[in-house]
Amino acid sequence: MLRKFASFLRERTRSTDAVVRYGGEEFAVLMATADSDVALEQTDRIRAEVEKTRSSFPGKPSRSR
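Below, the structure is looked at part by part.

Definitions and limits used
Residues numbered from 1 in each chain as written. Predicted model: local features only at pLDDT ≥ 70, side-chain atom pairs only at ≥ 80, totals over all residues. Heavy atoms only, no water. Patch = residues over 30% accessible without salt bridge, like charges linked within 9 Å, V, L, I, M, F, W, Y side chains within 5 Å. Areas by Shrake-Rupley, 256 points an atom, 1.4 Å probe, with all protein chains shown as cover. Salt bridge = Lys/Arg side-chain N within 4 Å of Asp/Glu carboxyl O. Helix = DSSP H or I, 4+ residues; strand = E, 2+ residues; numbered from the N terminus. Buried < 20%, exposed > 50% of the residue type's maximum accessible area, 1.4 Å probe, protein only. Pairing = 2+ DSSP bridges. Core = buried A, V, L, I, M, F, W, Y, C linked by side-chain atoms within 4.5 Å. Contact = heavy atoms within 4.5 Å. Phe/Tyr/Trp six-rings, centres within 6.5 Å; stacked < 30°, edge-to-face > 60°.

### Notes on a nonpolar patch on the surface
- A contiguous nonpolar surface patch, about 280 Å² in accessible area, is contributed by Val 20, Tyr 22 and Leu 30.
- Note that Val 20 resides in strand β1 (residues 18–22).
- On the basis of relative accessible area, Val 20 is assigned to the partly exposed category, the value being 33%.

### Some details on the pairing of strand β2 (residues 26–30)
- Where β1 lies against β2, five bridges are found, and the strand directions are antiparallel. By the bridge assignment, Tyr 22 is partnered in β2 with Glu 26.
- Hairpin connection, β1 to β2: the antiparallel pair is bridged by three residues, and Gly 23 has positive phi, about 70°.

### A short note on the nonpolar core
- Within the largest apolar cluster, five residues are counted, these being Ala 6, Phe 8, Leu 9, Phe 27 and Ile 46.
- A total of three residues in this core trace back to one element, the largest contributor, which is helix α1 (residues 2–11).
- Residues contacting Ala 6, with those up to four places away along its chain left out, are Val 19 and Phe 27.

### Details of the packing of aromatic side chains
- For the coordinates displayed, the defined rule picks out two aromatic pairs.
- Ring centres of Phe 5 and Phe 8 lie 5.9 Å apart, and the angle between their planes is 15°; on these two criteria the pair is classed as stacked. Taken together, the residues span about one helical turn, with Phe 5 and Phe 8 both in helix α1 at a distance of three residues.
- Considering the side-chain rings of Phe 5 and Phe 27, the 5.2 Å spacing of their centres and the 75° angle between planes classify their relative orientation as edge-to-face. On the criterion of sequence distance, the pair formed by Phe 5 in helix α1 and Phe 27 in strand β2 is long-range, its members being 22 residues apart.
- Among the residues examined, Phe 5 registers a relative accessible area of 30% and is labelled partly exposed.

This is the structure in structure tokens:
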């Protein structure tokens, strides 16, 4: 699941952004060339896509919000 989510983030970020994992299940997107407006737009777009994405784990039903 973590690999899928990392790929999900990489596919939705700009080539100048860096997707990194730190800790256990935490990810960060470093947007060095983005101003605060661009960063907020990108973050909101990614958040909305995550909310629409269905996920499932072995032995548990899929669910979406």
